[in-house]
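# Architecture and fold: a report
Spelled out, the chains give:
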Amino acid sequence: MNPDSLDGAALEKALASKLQQLLAGISWLRGWRVKRVASSAGAGLDLVASIPVGDSVVTLNVDCKRELLGSAFFLNGSQYSTAA
C-alpha cells in the first residue's frame, strides 16, 4: 500500500482492510469487527474496531492520517507521548 497515492476515502478503506488483515492473523482473537465511521471533517474518528475480550468489548478508535506524527497519539482521551 502506497499511502501517497490514495485520497481520504481510499486511504481509510485501505487502512481498514489492513487492520482487518492484522486482526484476522491473530488466531485466538474471535468476534472482532472493523467499521468505517461517517463523521464530519475534523471529528478525529474514521474507523472503529470492536474486539471482545472476556466479558467486555475493547474499542479501538482510529483517525486515519497520511503522515504519522509521534505527538498524535491519544490514550483514554489524553495525549500520549513516547518522549522520556
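Our structure is the block above this text.
Parameters at a glance
- Residues numbered from 1 in each chain as written.
- Predicted model: local features only at pLDDT ≥ 70, side-chain atom pairs only at ≥ 80, totals over all residues.
- Heavy atoms only, no water.
- Helix = DSSP H or I, 4+ residues; strand = E, 2+ residues; numbered from the N terminus.
- Polar contact = N/O pair within 3.5 Å; in protein donor to acceptor, adjacent residues only side chain to side chain.
- Contact = heavy atoms within 4.5 Å.
- Buried < 20%, exposed > 50% of the residue type's maximum accessible area, 1.4 Å probe, protein only.
- Pairing = 2+ DSSP bridges.
- Salt bridge = Lys/Arg side-chain N within 4 Å of Asp/Glu carboxyl O.
- Core = buried A, V, L, I, M, F, W, Y, C linked by side-chain atoms within 4.5 Å.

Right, let's talk about the side chain of Glu12 for a bit. Within the element layout of this structure, Glu12 appears in helix α1 (residues 8–24). Among the polar contacts listed, one links the side chain of Glu12 to the side chain of Arg36, at a separation of 3.3 Å. Contact partners of Glu12, with chain neighbours within four places excluded, come to Arg36, Asp46, Leu47 and Cys64.

Moving on to the pairing of strand β2 (residues 47–53). When you tally the buried positions in β2, you get five out of seven residues, the bulk of the element. In terms of strand pairing, strand β1 (residues 33–36) meets β2 through four bridges, oriented antiparallel. Residue pairing in the sheet places Arg36 in a bridge with Leu47 of β2. Pairing analysis gives seven bridges linking β2 to strand β3 (residues 56–62), with the strands arranged antiparallel. Paired with Val53 across the bridge in β3 is Ser56. Connecting the antiparallel pair β2 and β3 is a turn made up of two residues, with Gly54 showing a positive phi of about 65°.

Here we take up the environment of Ile51. Within the fold, Ile51 resides in strand β2. Among the residues examined, Ile51 registers a relative accessible area of 14% and is labelled buried. Considered as a pair, Ile51 and Val34 are 17 residues apart in the sequence and their alpha carbons are 8.8 Å apart. When residues no more than four places from it in sequence are discounted, the contact partners of Ile51 are Leu23, Leu29, Trp32, Ser56, Val57 and Val58.

With that settled, the discussion passes to the pattern of salt bridges. What the rule picks out here adds up to one salt bridge. Glu12 is the salt-bridge partner of Arg36, the closest N and O atoms lying 3.3 Å from each other. Note that Arg36 is positioned in strand β1 and Glu12 in helix α1, a separation of 24 residues in sequence. Judged by relative accessible area, Arg36 falls into the partly exposed class, the value being 42%.

Bringing the nonpolar core into the picture now. Membership of the largest hydrophobic core is limited to nine residues, which are Ala16, Leu19, Leu23, Leu29, Val34, Leu47, Ala49, Ile51 and Cys64. When contributions to this core are tallied by element, the ones reaching two or more residues are α1 and β2. Setting aside chain neighbours within four positions, we find Cys64 in contact with Glu12, Leu15, Asp46 and Leu47.

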